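Spelled out, the chains give:
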Amino acid sequence: MVDITARQRLKLLAGAAALMTSACGGASRSAPVTPDATTPPPPPPPPPPTSDFTLTDGLLRDTFRNNFSMGTAVTAEQINSNDLSARLAREQFNVVTPEYELKADQISPSEGVFNFGPADRVVDWALDNNMTVRGHALLWHEATPDYFYQGTPSQIRARLENYITTVMRHFAGRITVWDVVNEVTSVDIFNGDNGIGPDRRSRWFEATGGADYIDWAFLAARAADPSAQLFLSDYETENTFKMNWTMEIVRRLLQRGIPIDGVGHQFHLQLDTEASTALAAIDTVTNEFAGLVNHVTELDVNFYQNSGECWQSGTGCQPDIGPTPPPESLAAQARLLRDLFNGLVNRSTVESVNVWGVRDNDSWLNFAPVTRTNYPLLLNRAGEAKPALRAIIDQNYQI
Ligand code: G3I
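Calculation criteria
Residues numbered from 1 in each chain as written. Predicted model: local features only at pLDDT ≥ 70, side-chain atom pairs only at ≥ 80, totals over all residues. Heavy atoms only, no water. Phe/Tyr/Trp six-rings, centres within 6.5 Å; stacked < 30°, edge-to-face > 60°. Buried < 20%, exposed > 50% of the residue type's maximum accessible area, 1.4 Å probe, protein only. Lys NZ or Arg CZ within 6 Å of the ring centre and 35° of its normal. Near = heavy atom within 4 Å. Polar contact = N/O pair within 3.5 Å; in protein donor to acceptor, adjacent residues only side chain to side chain. Areas by Shrake-Rupley, 256 points an atom, 1.4 Å probe, with all protein chains shown as cover. Nonpolar A, V, L, I, M, F, W, Y, C, P; charged D, E, K, R; others polar. Core = buried A, V, L, I, M, F, W, Y, C linked by side-chain atoms within 4.5 Å. Contact = heavy atoms within 4.5 Å. Helix = DSSP H or I, 4+ residues; strand = E, 2+ residues; numbered from the N terminus.

(A) Structural context of the packing of aromatic side chains. Taken as a whole and judged by the stated rule, the model has 14 aromatic pairs. Ring centres 5.3 Å apart and planes at 15° place the aromatic pair F64 and F68 in the stacked group. You can call F68 buried: its relative accessible area is 3%. Among the aromatic residues, those joined into a cluster by ring pairs are F114, F116, Y147, F148, Y149, Y163, F171, W178, W204 and Y213. The residue whose ring lies beneath K242 is Y235, and the NZ or CZ to ring-centre distance is 3.3 Å. If you follow R381 out to its NZ or CZ, it ends over the ring of Y375, 5.0 Å from the centre.

(B) Spatial organisation of the site of the ligand. In the vicinity of the ligand there are 13 residues, among which E77, E99, K103, H136 and E298 approach most closely. At 2.7 Å, a side-chain N or O of H136 approaches an oxygen atom of the ligand. At a separation of 3.0 Å, an oxygen atom of the ligand approaches a polar side-chain atom of W356. If the ligand stood free it would expose 780 Å²; the protein chains cover 55% of that surface. Split by residue class, the shell around the ligand holds 4 nonpolar, 4 polar and 5 charged.

(C) A look at the nonpolar core. Grouped together as the largest cluster of nonpolar side chains are 100 residues, with contacts concentrated most on W178, F218 and L299. Contact partners of W178, with chain neighbours within four places excluded, come to L102, G135, H136, L138, V167, M168, F171, A228, Q229, L230 and F231.

(D) Just unusual backbone geometry, in detail. In this structure, the amide linkage connecting G197 to the following residue, P198, adopts the cis form with an omega of -5°. Tracing the backbone through its elements, the reader meets P198 in the loop between β4 (177–182) and α8 (203–208). Between A368 and P369 the backbone carries a cis peptide bond, its omega angle lying at -5°. Structurally, P369 can be placed in the loop between β9 (350–355) and α14 (387–393). If you check the backbone angles, E183 has positive phi at about 60° while not being a glycine. Following the sequence through the fold, E183 ends up in the loop between β4 and α8. Under the relative-accessibility criterion, E183 is labelled buried at 7%. At E236, a position not held by glycine, the phi torsion is positive, near 60°. Residue placement: E236 occurs in the loop between β5 (229–234) and α10 (240–255). Its relative accessible area of 27% is what places E236 among the partly exposed residues.

The structure is reproduced here in structure tokens:
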């Protein structure tokens, strides 16, 4: 026990009183102390917290765990470098889609060659981190090497069946969901009722003499891995013409007894998209095909309005926004995604919602149709939650 003098005790008590006053935020019940010339000025107040929000581990996926899985796209490069996006993917999502490693131009760039390395890297990393994998995509005209189209329709069919069987058997038990066909719906939506639908006139359509290749793909997929969920996925299903054509294709498949389990809506949206149009696409599937599942597969919100000319020739495009996203655009993105997610959680046929990338810098929209700084995702380039992420997990967050 250390003896202290009365003076020391008074000093200790004075210090304790001062400490108590500051701990209450400067509020004190005693009379305010008038500082004299010898009293040092009080320290400046601490800066206001930059945010009363912390992106804790698992917050995003756990928010929706009772409604649907939350996924994102990742690449083998991100995982190999264990960059911030890979770490955030592991912390915040429970599903991943290899962004391009599972496509035919990567898996089998030439006939008889199968290169599973990069895709295996992503798949095994996901499984090691208790995540599931969306396989994307067994057939996509934009990622189909030329040799697939050579020969008669029956030769093309045999090659496609062999490819799908080889790939799905390689990943059987590790990939449980596949986009079997991607973007097979007509894009003639701009001609409205005069548009040629429902099938996209791709090289698959031309080389095989019609759209039966879609049936072939689903039949081969079901035979290769009967336990996998099989999807048809496309973009702009939020467009009524395109959704109606997509429904024609799905209806035809079901009428023919072709195995399909769900529709994937990419939902590459714009800042002025109405969430109701996207939710209507979900309802259109559910209202007619009660047994089918809906996935949102590539969600993002473009900060640019791209004219046809910009998409076609890269000219007439809006100028680069630059390094600072407009606050009004961030707010519009947050409002749109809050409305969308509030609708998705009320739709039991929605089993998975996937954004197309982790951080804004990861997005394909920084390079398509031209190279510009874009802000389409939930996390900014520093890996911090944007207003859109806060808006979908907290209804009290003021946008
Ligand atoms: O990372 C490699 C790099 O190492 C290599 O040097 C370089 C040159 O070969 O290629 C790089 O890979 C590129 C990859 O993007 C990087 O992420 C591929 O070439 C390139 O083809 C790939 O583009 C992907 C594109 O699909 C084509 O597969 C985009 O990332 C991906 O976002 C995009 O996603 C599509 C969906 O599958 C379908 N819906 C539309 C969506 C956007 O186009």
